Amino acid sequence: MLSRQFIGFLFWLLLAYLGSIDRIYAEELHDKSPDKPSIQLASTLQKPVADITEYLVSEKLDGVRGYWDGKSMHSRSGREIAAPAWFVKDFPNYPLDGELWIKRGAFEQVSAIVRKSQASKAEWQTVKFMVFDLPDEASVFELRYRKALKELSHISPYLKVITQYQLENYHVLDTDLQEVVAKGGEGLMLHKKSAFYKAGRSNDIVKVKPFYDAEAKVIGYTQGKGRFSGMMGALIVKNEQGVIFNLGTGFTLAQRQSPPRIGSLVTYKYYGLTQKGTPRFASFLRVRQAQ
């Protein structure tokens with residue numbers, strides 16, 4: 001007669017075997033999932049580009065990245081987006097890289113639509129596929145943009161080529177950035193005219209936002225003065241690049257009385273870098289995590 005211990009052991013083996021079957025099945029399903037599209041990713045502008053006239057400028061849209069492979073629409077992760085047949089029926093049979101977009105400030109709406117397996121016609125009628133590149137074209141960006149304008153501008157009411165334009169100097173760039181942000185936009189994109197399309201993170205296409213954010217570790221404090229006497233005046237922090245600087249603004253009175261502890265990570269915002277590499281006009285945003 002089998003002992004309870006041995007029966008328990010056999011039962012454990014059975015569960016382990018069934019679990020391995022589940023893992024194999026899951027792996028097979030994973031292997032059958034669509035591959036991630038080989039798309040180009042923008043970098044964040046950390047310092048002024050050498051010559052602004054070498055770039056074309058467009059608005060950075062707050063939509064959902066879309067990749068049209070010539071037959072169907074996919075997300076950045078490779079998931080197929082259930083765009084209706086009537087929506088894509090006039091799209092070309094070659095790849096397009098772009099953004100599924102409704103309007104400024106409507107990211108939540110477009111994100112909800114593209115996640116649905118069966119969004120309504122009324123919902124999809126609010127969406128446009130804003131094309132900003134032709135991944136399979138073996139030419140520089142300026143020529144790819146011209147081809148997109150020529151071939152795609154009037155083929156579908158649901159497809160539009162994002163307007164690209166040239167600037168003469170950084171002063172105009174700053175003015176345009178402020179205008180876009182004032183209207184509810186996210187920022188601007190700079191795309192090098194002479195660049196070829198290449199998958200992965202690229203320094204040939206950069207995003208320009210009104211401010212950037214990053215993380216730093218708290219390594220000390222300075223004492224407050226005046227109305228902040230007896231409280232924390234500033235955090236002494238060290239960022240991922242090893243630069244040590246003070247964060248003295250952006251805090252509530254309660255945070256000055258009980259500041260983030262040494263060793264914790266904080267998120268700060270800044271407006272570019274100084275010539276020495278120090279974040280310009282850095283300001284505290286939030287505690288990221290305690291260590």
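Reference entry: report on the structure contained in this document.

## What to know about the nonpolar core
- Formed by 28 residues in total, the largest nonpolar core has its most connected members in Leu-190, Leu-235, Val-237 and Leu-247.
- Not counting residues within four places of it along the chain, the set of residues in contact with Val-237 comprises Ala-216, Lys-217, Val-218, Ile-219, Val-243, Ile-244, Phe-245, Leu-247 and Val-266.
- Grouped together as the second largest cluster of nonpolar side chains are 27 residues, Leu-96, Val-114, Trp-124 and Leu-152 included.

## Observations regarding a nonpolar patch on the surface
- There is a patch of nonpolar side chains on the surface, built from Phe-211, Tyr-271, Phe-281 and Leu-285 and spanning about 390 Å² of accessible area.
- Tracing the sequence through the fold places Phe-281 in the loop between strand 14 (265-270) and strand 15 (283-289).
- Look at Phe-281 and you get exposed, because its relative accessible area is 63%.

## Some thoughts on the pairing of strand 7 (residues 128-133)
- Along strand 7, five of the six residues are buried, which leaves the element largely enclosed by surrounding structure.
- The pairing of strand 6 (residues 96-101) with strand 7 spans five bridges and is classified as antiparallel. Paired with Asp-97 across the bridge in strand 7 is Asp-133.
- With three bridges connecting them, strand 7 and strand 8 (residues 159-161) associate as parallel partners. Looking across to strand 8, one finds that Val-131 is bridged to Val-161.
- Taken together, strand 7, helix 5 (residues 141-152) and strand 8 form a β-α-β motif whose crossover is right-handed.

## Digging into the sheet that holds strand 2 (residues 55-60)
- The strand order across the open sheet built from four strands is 1-10-9-2, with neighbouring strands paired in mixed fashion. Unpaired on one side and paired on the other, strand 1 (40-44) and strand 2 mark the two borders of the sheet. Averaged over neighbouring strand pairs, the angle between their axes works out to 40° when direction is ignored.
- Two strands pair when backbone bridges link them, and strand 9 (residues 187-192) and strand 10 (residues 200-208) are joined in this way by four bridges, in the antiparallel orientation. Counted as the bridge partner of Met-189 is Lys-207 from strand 10.
- The sheet contacts of helix 6 (residues 170-182) involve strand 2, strand 9 and strand 10, and relative to strand 9 the element is tilted by about 135°.

## Remarks on the packing of aromatic side chains
- Scanning the model with the defined rule gives eleven aromatic pairs in all.
- Taking the centre distance of 5.2 Å and the plane angle of 70° together, the rings of Trp-86 and Tyr-158 count as edge-to-face. Residue Trp-86 is found in helix 2 (residues 85-88), and its partner Tyr-158 is found in the loop between helix 5 and strand 8; the two are separated by 72 residues along the sequence.
- Summarising the aromatic geometry, the rings of Phe-91 and Phe-129 are spaced 6.0 Å apart at their centres and angled 20° between planes, so their arrangement reads as stacked. Of this pair, Phe-91 sits in the loop between helix 2 and strand 6 while Phe-129 sits in strand 7, placing them 38 residues apart in sequence. Just as Phe-91 is buried, Phe-129 falls in that class too.
- An aromatic cluster of three or more residues is present, and its members are Trp-68, Trp-86, Phe-87, Phe-91, Trp-124, Phe-129 and Tyr-158.
- Between the NZ or CZ atom of Lys-147 and the centre of the ring of Tyr-94, over which it lies, the distance is 5.5 Å.

Calculation criteria
Residues numbered from 1 in each chain as written. Predicted model: local features only at pLDDT ≥ 70, side-chain atom pairs only at ≥ 80, totals over all residues. Heavy atoms only, no water. Core = buried A, V, L, I, M, F, W, Y, C linked by side-chain atoms within 4.5 Å. Buried < 20%, exposed > 50% of the residue type's maximum accessible area, 1.4 Å probe, protein only. Contact = heavy atoms within 4.5 Å. Patch = residues over 30% accessible without salt bridge, like charges linked within 9 Å, V, L, I, M, F, W, Y side chains within 5 Å. Areas by Shrake-Rupley, 256 points an atom, 1.4 Å probe, with all protein chains shown as cover. Salt bridge = Lys/Arg side-chain N within 4 Å of Asp/Glu carboxyl O. Helix = DSSP H or I, 4+ residues; strand = E, 2+ residues; numbered from the N terminus. Pairing = 2+ DSSP bridges. Right-handed = clockwise from strand over helix to strand, strands pointing away. Axes fitted to C-alpha atoms, helices over the stretch in contact; angles between N-to-C directions. Phe/Tyr/Trp six-rings, centres within 6.5 Å; stacked < 30°, edge-to-face > 60°. Lys NZ or Arg CZ within 6 Å of the ring centre and 35° of its normal.

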